[in-house]
Amino acid sequence: MTGLARWLALPGIAGLSLGILREQTGLMLLSLSLLVWLLVEWLLFTWRLWFELRHLKFERSVNGRTEDSGILWAGRSVAVEVRVSSSFFGMGSIVRIRDVVPENMQVLDQENDVTIRSRIHSAVFRYRAIVLGAGKLRLPGFRIVMLDRQGFFRAERFIPFPQSFRVLPAFQKVGDPQPLVKRVNSQPQHGIHRLQRSGMGSELLELREYAAGDPPKSIAWKVSARRDKLMTRQYESEVPVRLQLFVDGSIGTRTGGFGLRLLDQMNFVAASVAQAAISAGDPVGAMLFDERGLRRVPAATGDRGFHRLLDALSEFSVNPAPIPDRLTNRLIETALGVAADQFPELLDERVNHVPFLLFPISPWAHRRLRERYRLAAVIALLYELSPAKQLQLVSDDPLMATYAQHFLSQSGMSWMEPVISIRNRGFHDGMARMEILSSALARAVSQAKDNEVFVVFADLLECVPSLSHLMPAVKMVLARHHRVAFVCPSPTFLRPTVESTVIRSLATEDLLLAAEQIRTRELAARLQFELRRVGATVSISGESSAIHLVLGQMSLARTGRMATGGVR
Amino acid sequence: MNRPDPSVVTPTVLEPTHETSQFGGLLIISVLASAAGILFLLAPHMGWPLRFFLTAIILLTMKYWGGVMVLIAVQADLFFREPPRSANFQGATGLLAVFLIVTLLMFINRNRELLKHAASRPLSSIFGLIVSAFKGEIVFDSSKAVRQVPQMLGAIIRAIALLVGCVFVSQILLNTLPNRRTFNEDLRGWMLDETSVLQCSLLLSGIIAAWIVCHEIFWRQLTRDQSRLYLRSVFLTIHHADLRMIVRGRLHLRQKSALEKKEREAAAFSCRTENLPEFRR
């Protein structure tokens, strides 16, 4: 019953009582008619709720497919079509249907929220949406709001219709995979490139004096005749250029909304670079690391290898269970909002009782506590917790924060602050990240062949003071003649150039953006100085310039020239 | 599976939530006019400026309150002006009057969304709408309008039938149930006459049966999760004090052990420093 019906029933009851007392027939008849009308409307509404909702059937197709699971791409639009069908008697008015979309999906042109105003048996509605970030996407079902014509009664239900999708990261096709300009005498096979080291290739590397044991066919007779001593031809090696990606997935890279996370920037550059490399025939592998540890994706080539890498990046982008320390009102409110969206019937006061509470006296604090009781009941029901644990959720802030965050994460919401409450602890200060990145580099070097390109995607801007811990690993990589490129995503999605630090206007957003850019620029300058000093290349911000920088390193590696830090 | 052809589905059946009806403007004007008309009929002894002022106030509240204020106004008028035991509302005229008032309430409440929509616009646009309606300048999408007319007619007929039934049932109830005048006589009759005891018990049984039916309807509507949650809530409400004591005890113990651990570590550190040679401190 809505407030409107209550406010109509109240004068109805009062009028009936007064009419009986004063024996006023008109007042009595009017008031009683009103009450009877309300009762009849309630009965009709109850029948509709009981009968029509039971026979409501949904069928959803995403990009023309109705399977329970599938694959989507980040940054691409998705066409969703929903078919609604009901019983022989049809659905009466008014029914609001909303296809609940997770935070990772943004509805574009049409509406995912429709209203049925007249009796129908079946209907179709369509909408388009865009997927924002890589990871997993789950369309949970439909939220139904049934109302009677007058707005006296209202019922909210959620009809589960789950469909899960793996969202692969977006990528950009860049450059010419196989240059047509001939730069070498003999074109090596696809994926094989020159390396300026002595080997069995076809390009001449150098001439040297004959040494015992050299094959006679390698003797350069004309040169030997000119110099009057035996000279031997040395040929270059022909090796594949392997690309090794190191992707940082620590907490700092996962916060923010889907599509705005630093991890999304890194995924985009990594996938674009991998696509370019694989189309040129080069094998691509990856090392994915975060608080959970290190995961290695073996180097592979071809379409299958590319998709395996994308799958690994997609799985890696799914947020792991966070460890929140502090419970905030915003966290509670968001969890309540999601619960109201996906489990409206569980927040009904008639089934979700709150025990009598005298304290706190303040009405706002009292209301917040009652809401927390309700949320605790919903969470306890969903996760099958004991009643004692349910009550503990009300009193124990860290426990509530953990469950609320987990509930939001499972419902398709991105992480919310505070994920980590204080700095200088664990992964946040960069020490742990440097250590795990160093060990990943060391492991990659130990398993590496000749002529590899290491691309490190990590949020190093916040870790500049602890960069010295990473330097030995970088130096070791360069000493083994590999190339190293660092791609550090920018929190503002802008390259920290001089132009980007200019204050555009005195609006708060522009001032904050300029301040953030100035800070990023200072950090980036220090980072670039430190890394370029040892011979690594650095790109700040995960945009197309970063892709071109990595591809530049790849082309240098393909020409066979040694890395800067290397010695022939 | 025999799927319905989507092309058959009319585009107006599923419409975005914010979209309004073709006849929205006309409906708003009719609601306002009929409500103002009935309000002007009330309290004829009051001066015109006061009536005009009260009518305007009540019309302004319709956006949020629907027909509540109109009902209260009509009830207040009946309360002050209707003489006791009057025969004015006994016959068909009385039934018709009540029917019209309840119909007006239904009309207002059904179009509350339209009123809200209209109220969100500036006042000039509403006046402009009224002027254009009088000039006949309101443009209709004829195909949409043609589709909506039969639906609206059907809804009107259903509503009239429902309200007529309600008013008749109310009239029958009023005639059947004892009123204040006949209450003592009826009660005496029931007490003396044995058959009346049966009537009384029947009435009581009817009330209990209706109460059980209402509860049964509520229980039948619950989903499995709702039932589980209800049981859980009831259990928690009954054992709330005990469980809260247990939980608080656990939390207190945890805090205490954490504090003790911290103190132990601090004490161990101080012992270590105290045992060191003096020059190292």
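Residues numbered from 1 in each chain as written. Chains lettered and ligands numbered in written order. Predicted model: local features only at pLDDT ≥ 70, side-chain atom pairs only at ≥ 80, totals over all residues. Heavy atoms only, no water.

Broken down by element type, chain A carries 14 helices and 17 strands. Nonlocal contacts in chain A, meaning residues at least 24 apart in sequence, comprise 73% of its contacts between residues at least 6 apart. As presented, chain A carries roughly 25300 Å² of accessible surface, and 55% of it is formed by carbon and sulfur atoms. (Helix = DSSP H or I, 4+ residues; strand = E, 2+ residues; numbered from the N terminus. Contact = heavy atoms within 4.5 Å. Areas by Shrake-Rupley, 256 points an atom, 1.4 Å probe, with all protein chains shown as cover.)

Before going further, it helps to spend a moment on the overall build of chain B. Each helix and strand counted, chain B has 11 helices and 1 strand in total. In sequence order, the secondary structure elements of chain B are arranged as β-α-α-α-α-α-α-α-α-α-α-α. Sequence-distant contacts in chain B: of pairs separated by 6 or more residues, those separated by 24 or more amount to 72%. Just so you have it, chain B exposes about 19000 Å², and 67% of that area is on carbon and sulfur atoms.

With that settled, the discussion passes to the environment of Ser86 of chain A. Here Ser86 of chain A shows up in the loop between β3 (77-85) and β4 (95-99). The buried category is assigned to Ser86 of chain A, whose relative accessible area is 16%. (Buried < 20%, exposed > 50% of the residue type's maximum accessible area, 1.4 Å probe, protein only.)

As a further point, take the packing of helix α2 (residues 48-65) of chain B against helix α5 (residues 112-119) of chain B. Residue and element names in this part refer to chain B. For the pair α2 and α5, interaxial distance at closest approach is 8 Å and the crossing angle is 115 degrees. Judged by the inter-axis angle, α2 sits roughly perpendicular to α5. For the crossing formed where α2 meets α5, the hand is left-handed. The residues of α5 that touch α2, namely those facing Met62, Lys63 and Tyr64, are Arg112, Leu115, Lys116 and Ala119. (Axes fitted to C-alpha atoms, helices over the stretch in contact; angles between N-to-C directions. Parallel < 35°, antiparallel > 145°, perpendicular 65-115°, else oblique. Left-handed = near helix turned anticlockwise from the far one by under 90°.)

All names here are of chain A. In this model, helix α11 (residues 431-447) (17 residues) spans 24 Å end to end at C-alpha, consistent with the 24 Å of a helix rising 1.5 Å per residue. Among the residues making up α11, those that are buried are Arg433, Met434, Ile436, Leu437, Ser438, Ala440, Leu441, Ala444 and Val445. Buried positions along α11 lie against β12 (242-248), β13 (284-290), β14 (293-300), β15 (452-457) and α12 (471-479). (Expected span 1.5 Å × (residues − 1).)

Below, the discussion takes up the pattern of salt bridges. Residues and elements named next belong to chain A. Across all of its chains, the model carries 24 salt bridges over all chains by this definition. One salt bridge in this structure joins Arg154 and Glu156, with 2.8 Å as the shortest N-O distance. Relative accessible area serves as the criterion here: at 23%, Glu156 is assigned to the partly exposed category. Taking the shortest distance from any N to any O, the salt bridge between Arg519 and Glu516 comes out at 3.2 Å. Placement of the pair is Arg519 and Glu516 together in helix α13 (residues 508-533), with a separation of 3 residues, close to one helical turn. Overall, the relative accessible area of 26% leaves Glu516 in the partly exposed class. Ionic contacts of the salt-bridge type, sharing partners, join the residues Arg98, Arg143, Arg154, Glu156 and Asp341 into one network. (Salt bridge = Lys/Arg side-chain N within 4 Å of Asp/Glu carboxyl O.)

Two measures describe an aromatic ring pair: the distance that separates the ring centres and the angle between the ring planes. Summed over the entire model, instances satisfying the criterion amount to 16 aromatic pairs over all chains. Consider the rings of Phe79 of chain B and Phe80 of chain B, whose centres lie 5.2 Å apart with planes at 80 degrees: the pair is edge-to-face. With relative accessibility at 66%, the residue Phe80 of chain B sits in the exposed group. Three or more aromatic residues link up through ring pairs in this structure, and these residues are Trp37, Phe45, Phe152 and Phe153 of chain A. Lying across the ring of Phe79 of chain B, Arg22 of chain A places its NZ or CZ 4.3 Å from the centre. Between the NZ or CZ atom of Arg51 of chain B and the centre of the ring of Trp48 of chain B, over which it lies, the distance is 4.5 Å. (Phe/Tyr/Trp six-rings, centres within 6.5 Å; stacked < 30°, edge-to-face > 60°. Lys NZ or Arg CZ within 6 Å of the ring centre and 35° of its normal.)

With that out of the way, let us pick up the packing of helix α8 (residues 363-382) of chain A against helix α10 (residues 224-238) of chain B. The interhelical angle for the contact between α8 of chain A and α10 of chain B, taken along N-to-C directions, is 120 degrees, at an axis separation of 10 Å. Accordingly, the angle class assigned to the pair α8 of chain A and α10 of chain B is oblique. Two packed elements cross with a definite hand, and for α8 of chain A against α10 of chain B that hand is right-handed. Residue-level contacts link Ala377, Ala380 and Leu381 of chain A of α8 of chain A to Asp225, Arg228, Leu229 and Arg232 of chain B of α10 of chain B. Taken together, the residues that form the contact of α8 of chain A with α10 of chain B break down as 4 nonpolar, no polar and 3 charged. (Nonpolar A, V, L, I, M, F, W, Y, C, P; charged D, E, K, R; others polar.)

On to the confidence of the model for chain A. All names here are of chain A. Put simply, chain A has an average pLDDT of 81, and 87% of its residues get 70 or more. The element-level mean pLDDT for chain A is lowest in strand β10 (residues 193-209), coming to 70, with α8 highest at 90. Here residues 421-427 scores under 50 on pLDDT; set against residues more than four positions off or in separate chains, the count is 13 contacts. (pLDDT = per-residue confidence, 0-100.)

Our next topic: the nonpolar core. Counting residues in hydrophobic clusters, the biggest one holds 82 residues, and the most contacted among them are Trp37, Phe58, Ile97 and Ile144 of chain A together with Val70 of chain B. The element contributing the most residues to this core is helix α2 (residues 25-52) of chain A, with 11 residues. Residues Leu375, Val378 and Ala388 of chain A together with Leu229 of chain B belong to the second largest nonpolar core, which totals 40 residues. (Core = buried A, V, L, I, M, F, W, Y, C linked by side-chain atoms within 4.5 Å.)

Turning to the sheet that holds strand β5 (residues 105-107) of chain A, a few remarks are in order. All names here are of chain A. Taken in spatial order, the 4 strands line up as β1-β3-β7-β5 in an open sheet, and their pairing is antiparallel. One side of each edge strand has no neighbouring strand; the edge strands of this open sheet are β1 (57-62) and β5. Direction aside, neighbouring strands of the sheet carry axes that sit 30 degrees apart on average. Examined bridge by bridge, β1 and β3 share 6 bridges and lie antiparallel to one another. The residue of β3 that forms the bridge with Phe58 is Val84. (Pairing = 2+ DSSP bridges.)

Moving on, we get to the interface of chain A and chain B. Counting from both sides, the interface comprises 75 residues of chain A and, opposite them, 75 residues of chain B. Counting the surface lost from both chain A and chain B, the interface buries some 7100 Å², and carbon and sulfur atoms represent 65% of this. The largest contributions to the chain A side of the interface with chain B come from Glu23, Leu29 and Leu30 of chain A, which together make up 10% of the buried area. Viewed at the interface, chain B and chain A are joined by 2 salt bridges. The interface formed by chain A and chain B contains 17 residue pairs in polar contact (both at pLDDT 80 or more). Secondary-structure elements contributing two or more residues to the side of chain A that touches chain B are α1 (3-22), α2, β6 (113-116), β7 (122-131), α8 and α9 (387-395) of chain A. (Buried area = accessible area lost by both parts, 1.4 Å probe. Polar contact = N/O pair within 3.5 Å; in protein donor to acceptor, adjacent residues only side chain to side chain.)

This part is about α8 of chain A. All names here are of chain A. Here α8 is 20 residues long and its end C-alpha atoms lie 29 Å apart, about the 28 Å a rise of 1.5 Å per residue gives. Buried within α8 are the following residues: His366, Arg372, Tyr373, Arg374, Leu375, Ala376, Ala377, Val378, Ile379, Ala380 and Leu381. Where α8 ends, the next residue or the one after it, Glu384, has phi of about 55 degrees, a positive value.

Next up on the list: the side chain of Asp264 of chain A. Checked against the element boundaries, Asp264 of chain A lands in helix α5 (residues 262-279). Here Asp264 of chain A falls in the buried class, since its relative accessible area comes to 11%.

Reported here for the second largest pocket is a volume of approximately 980 Å³. In terms of lining, the second largest pocket is formed by 28 residues, of which the most central are Met1, Arg6, Arg154, Asp348 and Arg350 of chain A. Of all the secondary structure elements, the ones that give two or more residues to the lining of the second largest pocket are α2 and β9 (154-168) of chain A together with α9 (194-221) of chain B. Among the elements that line the lining of the second largest pocket, the one with the most residues is α2 of chain A, at 6 residues. Of the residues that constitute the lining of the second largest pocket, the class distribution is 15 nonpolar, 5 polar and 8 charged. (1 Å grid on protein atoms, 1.4 Å probe; cavity = no way out; pocket = protein on both sides within 12 Å on 5 of 7 lines; lining within 4 Å. Points joined across faces, edges and corners; volume = space filled by probe spheres on them.)

Quick look at a nonpolar patch on the surface now. Side chains of Val149, Leu153, Ile156, Ile160, Val164, Phe168 and Ile172 of chain B sit close together on the surface and give an oily, nonpolar patch of about 600 Å² of accessible area. When you line up the elements, Phe168 of chain B lands in helix α7 (residues 142-176). (Patch = residues over 30% accessible without salt bridge, like charges linked within 9 Å, V, L, I, M, F, W, Y side chains within 5 Å.)

Residues and elements named next belong to chain A. The sheet built from 6 strands is open, its strands ordered β14-β13-β12-β15-β16-β17 with mixed pairing. Whereas interior strands pair on both sides, the edge strands pair on one side only; in this sheet they are β14 and β17 (537-540). For this sheet, the mean angle separating the axes of adjacent strands, direction not counted, is 15 degrees. Where strand β16 (residues 483-488) and β17 come together, 4 bridges link them in parallel fashion.

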